[in-house]
Amino acid sequence: MNLNRVQHGACGNAIMQSLSSCTICQTSLTAISSACGQRPIAKPGAAMESNSSTCAICNGDMRRGGGGGSGFTADCSHQFHYRCVSGSLASSRQACPLCSARCRDLPSFRSSKSYTPSQPPPASRAPAQPFFRPMEPRVFDDDDPVLRAPRPLGDRQYGAASATSSGSLAVALSTHCEYSSLARDAPHENFAVLVHARAPGTGSAATGGAPSRARAPIDLVTVLDVSGSMVGSKLALLKQAMGFVVDSLGPADRLCVVSFSSGANRLMRLARMSESDGGKDLAKRAVQSLAAGGGTNIGAALRKAAKVLDDRLHKNAVASVILLSDGQDTYTVPRRGRDANYDALVPPSFMYTGAGDRSAPVHTFGFGTDHDAAAMHTIAEATGGTFSFIENEADIQDAFAQCIGGLLSVAVQELRVDIACPQSGVRVRSVNSGRYRSHINVDGRSASIDVGELYADEERRFLLLMDVPRARSTTDVTHLMQVSCAYRDMVTGRPTNVDGEDAVVLRPSRAVSLERSAEVERERVRLAATDGIAAARAAAERGAHEEAAEILQSGQRAVARSAAARAGDSMCVELSRDLQEMSTRVADRRRYELSGRAYMLAGLSSHAQQRATSRQMSGDSGTTRRTAEAALGTTVISTTGATASYSYVTPAMMDMLDRSRRSREMTALSQQRSKERRRSAHY
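Residues numbered from 1 in each chain as written. Predicted model: local features only at pLDDT ≥ 70, side-chain atom pairs only at ≥ 80, totals over all residues. Heavy atoms only, no water.

Caption draft 1: A look at the overall build of the protein chain. A count of helices and strands for the protein chain gives 14 helices and 24 strands. Looking at the 683 residues of the protein chain, the share that counts as buried comes to 52%. Here the analysis covers contacts within the protein chain between residues at least 6 apart in sequence; of these, 72% occur between residues at least 24 apart. Entry remark: accessible area of the protein chain is about 30400 Å², with carbon and sulfur atoms responsible for 49%. (Helix = DSSP H or I, 4+ residues; strand = E, 2+ residues; numbered from the N terminus. Buried < 20%, exposed > 50% of the residue type's maximum accessible area, 1.4 Å probe, protein only. Contact = heavy atoms within 4.5 Å. Areas by Shrake-Rupley, 256 points an atom, 1.4 Å probe, with all protein chains shown as cover.)

Laid out in structure tokens, this is it:
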């Protein structure tokens, strides 16, 4: 017997006695000894003694089936019930789940569905397989191979500006000057020019819902909080939302599920979500195996997710992490507030330093009102992800759906926008780029913006302030800038260059009264409101809640007075409502701590990235809200009250949200019918 290894009976894991805890469930070895008992494990190849007739997973009697059916003996002499071990040996590794020894002669564990969905099921059907989590390998290089789809051939056109329609095949670049003309006899400082970039669309509207443009497959790691506070309805809603995510992924997408409480566990390898290969079934069983209990160790969970992506042998073109938590990390960051070092939660490989490839973004979701919004926002900011606030727990599926809708429609990666000033004396003074890195050359004659990844139909607007010199008496036009961009196209996989339209202004001999560009005005309003939200949050953090509310109310009035809002611009109307909502939530310390901080941080995340995040306005339900939204000409994103920044929601996100709503309605209808049947049977 090998007394250097003991078995944790609760999870079936073989543990070296030199370790301090079980590598799967994080239970300490002392607790294992007292609660489950330590049992010696037979050496590979040795004869089984006292436990020769016991399944190494469920500890059931092999001779009588133990509820697991007939048995299988591996090359290493470990014995298992077929049903207990099939979930592990059906994977590509095909190794003993207890000692990791290779298994040569294996029975077939593939699902034998001999009937089609249209045919009736067999008379007697075996119960669903239980989920078995094998021992985690030291290196997570057991990921499924990626599917290499053939690149489409076509007459793609590069090097020219493309149309802004959703069916365009390249990034569309355009410019908007603050005024169309400037008097030639005087210089002008801080003249605003808006650079607008739009990603190519999916073309789904033109094809009856079937996208005409291929999408890039994704490697997705979901990091899910299963601490004690998740028990009950929270965990049930999480499982339902994850079921929707699994169903939404395609056969080329790969998913890994990581759960965490006091420690972190990889529940499954990075597996392709294929029906035929059993990947979706494995993922659904992993999700259903989630059980709540323990503390909240976000740092360990993100390190586990980073290891999954760092160790993988194969890579899909898109990679991302979804992190959901309803609590506060007390392991990596024991202190909260101003002294908290939330950057310690982010693994180095997730940090974007500006050198080399961009890391996988971590999109964080604060679940309920007890999560640490500052920590979740910091993680999202550091990795290029977004932070969403799920105040209403029932909205978790819609929040996931919106995020997945974007991730499954990535059209552009490594996008960089370049600006050059061809005319002497014209200089770039500043670039308002939010969270996107920008650089201005010392002479001010050129600038660049590192945008990175864009979803299909997604837009980015950047406001540049420029110095325009006095023009000669013979000059009728000043060329302010030339705009171009470089990126990697996700359909072809090739680097692409696109030239946008030049920004020019007329130079009449005398000043002419002109209207300001509506596009420039709209962006100025958005930037001013974003600065106001940041200032109000800073005031609220130091306890000046009346000052914070006044900043937001002043900003709301400024937005309402703007020409864009008076013209009925939907973004300005929504922004006005958003600022009013924030001013209510920061009015006192209790409301700010309960939901104001999270709501404001989700808003800042959205505006800084110009990307949709999930939030919920208070009191937004029922006919009153729908009537008000219709009158304002804006869009309701969720029937349950979960809203996103309207200006940033893409068609793919909306499509996935619609699918989520239909799925929830069908689930609710099915549950209602089940209740009615039970009620009828009772009476």
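Caption draft 2: Spotlight on a nonpolar patch on the surface. Residues V477, V504 and L506 make up a contiguous nonpolar surface patch of about 210 Å² in total accessible area. In this structure, L506 sits in strand 22 (residues 503–506). (Patch = residues over 30% accessible without salt bridge, like charges linked within 9 Å, V, L, I, M, F, W, Y side chains within 5 Å. Salt bridge = Lys/Arg side-chain N within 4 Å of Asp/Glu carboxyl O.)

Caption draft 3: Seen up close, the packing of helix 3 (residues 233–248) against helix 4 (residues 279–288). The N-to-C vectors of helix 3 and helix 4 enclose an angle of 170°; their axes lie 10 Å apart at closest approach. Between helix 3 and helix 4, the interaxial angle falls into the category roughly antiparallel. In this structure, helix 3 contributes K239, M242, V246 and D247 to the contact, and helix 4 contributes K280, A283, K284, V287 and Q288. For the contact of helix 3 with helix 4, the class distribution of residues is four nonpolar, one polar and four charged. (Axes fitted to C-alpha atoms, helices over the stretch in contact; angles between N-to-C directions. Parallel < 35°, antiparallel > 145°, perpendicular 65-115°, else oblique. Nonpolar A, V, L, I, M, F, W, Y, C, P; charged D, E, K, R; others polar.)

Caption draft 4: Focus on helix 6 (residues 373–383). Counted residue by residue, helix 6 has ten buried out of eleven residues, so it is predominantly covered. Listed in full, the buried residues belonging to helix 6 are A373, A374, A375, M376, H377, T378, I379, A380, A382 and T383.

Caption draft 5: Just the confidence of the model for the protein chain, in detail. Mean pLDDT over the protein chain: 80, with 72% of residues reaching 70 or higher. When pLDDT is averaged over each helix and strand of the protein chain, the minimum, 33, is found for helix 13 (residues 622–632) and the maximum, 98, for strand 8 (residues 218–225). With pLDDT under 50 throughout, residues 23–27 is counted as low confidence; its partners more than four residues away or in other chains account for 22 contacts. Counted against residues more than four places away or in other chains, residues 204–211, with its pLDDT under 50, gives five contacts. (pLDDT = per-residue confidence, 0-100.)

Caption draft 6: Broad picture of the pattern of salt bridges. For the coordinates displayed, the defined rule picks out 41 salt bridges. The partner of E178 in a salt bridge is R524, with the nearest N and O atoms 3.4 Å apart. Here the residue E178 occupies a position in the loop between strand 6 (172–177) and strand 7 (188–198), and R524 occupies one in helix 8 (residues 518–541), the gap between them amounting to 346 residues. According to the relative accessible area criterion, E178 is buried, its value standing at 7%. Residue classification places R524 among the partly exposed positions, given a relative accessible area of 29%. A salt bridge links D418 to R416; its shortest N-O distance comes to 2.9 Å. Since its relative accessible area comes to 38%, R416 is described here as partly exposed. One connected set of salt bridges, linked through shared partners, spans R198, D457, E459, R461 and E519.

Caption draft 7: Just the pairing of strand 17 (residues 437–440), in detail. Sheet analysis places strand 17 next to strand 18 (residues 446–455), joined by four bridges and oriented antiparallel. Looking across to strand 18, one finds that R437 is bridged to D450. Turn length for the strand 17-strand 18 hairpin, with the two strands adjacent in sequence and antiparallel, is five residues, and the turn residue G444 shows positive phi of about 75°. (Pairing = 2+ DSSP bridges.)

Caption draft 8: Representation of a positive patch on the surface within the structure. Where like charges cluster on the molecular surface, the positive patch consists of R673, K675, R677, R678 and R679. Mapped onto the fold, R678 is located in helix 14 (residues 651–682). Note on R678: relative accessible area 56%, which makes it exposed. (Lys, Arg positive; Asp, Glu negative; His and termini not counted. Charge placed at Lys NZ, Arg CZ, Asp CG, Glu CD.)

Caption draft 9: Up close: the packing of aromatic side chains. Counting across every chain of the model gives two aromatic pairs. For the pair F365 and F400, a centre-to-centre distance of 5.1 Å together with 75° between the ring planes defines the contact as edge-to-face. In this pair, F365 sits in strand 13 (residues 362–367) while F400 sits in helix 7 (residues 396–407), placing the two residues 35 residues apart along the sequence. Judged by its relative accessible area of 2%, F365 is buried. Among the residues examined, F400 registers a relative accessible area of 1% and is labelled buried. Seen in terms of ring centroids, Y436 and F462 are 6.1 Å apart; in terms of plane orientation they differ by 90°. Their pairing is edge-to-face. One end of the pair, Y436, is in the loop between strand 16 (427–432) and strand 17; the other, F462, is in strand 19 (residues 459–468), and 26 residues separate them in sequence. Sitting above the plane of the F140 ring, K307 keeps its charged end 5.1 Å from the centroid. In this arrangement the basic side chain of R611 is found over the ring face of Y455, its NZ or CZ atom lying 3.8 Å from the centre. (Phe/Tyr/Trp six-rings, centres within 6.5 Å; stacked < 30°, edge-to-face > 60°. Lys NZ or Arg CZ within 6 Å of the ring centre and 35° of its normal.)

Caption draft 10: Representation of the sheet that holds strand 7 in the model. Taken together, four strands build an open sheet; the order of strands is 6-7-19-16 and the sheet is antiparallel. The open sheet has two edge strands with one neighbour each: strand 6 and strand 16. For this sheet the average axis-to-axis angle between neighbouring strands, irrespective of direction, equals 25°. Here strand 16 pairs with strand 19 via five bridges, running antiparallel. Across the sheet, S430 pairs through a bridge with L465, a residue of strand 19. Along the sheet, helix 8 contacts strand 6, strand 7, strand 16 and strand 19; its crossing angle with strand 19, the most-contacted strand, is approximately 100°.

Caption draft 11: The side chain of S274, seen in detail. Positionally, S274 belongs in the loop between strand 11 (271–272) and helix 4. Setting aside its immediate chain neighbours within four residues, S274 contacts P251, G279 and K280.

Caption draft 12: Spatial organisation of helix 3. The first and last C-alpha atoms of helix 3 sit 23 Å apart over 16 residues, in line with the 22 Å expected at 1.5 Å per residue. Along helix 3, the residues classified as buried are K234, L235, L238, K239, A241, M242, G243, F244, V245, V246 and S248. (Expected span 1.5 Å × (residues − 1).)

Caption draft 13: A look at the environment of V231. Relative to the assigned elements, V231 resides in the loop between strand 8 and helix 3. Its relative accessible area of 57% is what places V231 among the exposed residues. Put simply, V231 and G293 are 62 residues apart on the chain and 7.4 Å apart in space, counted from C-alpha to C-alpha.

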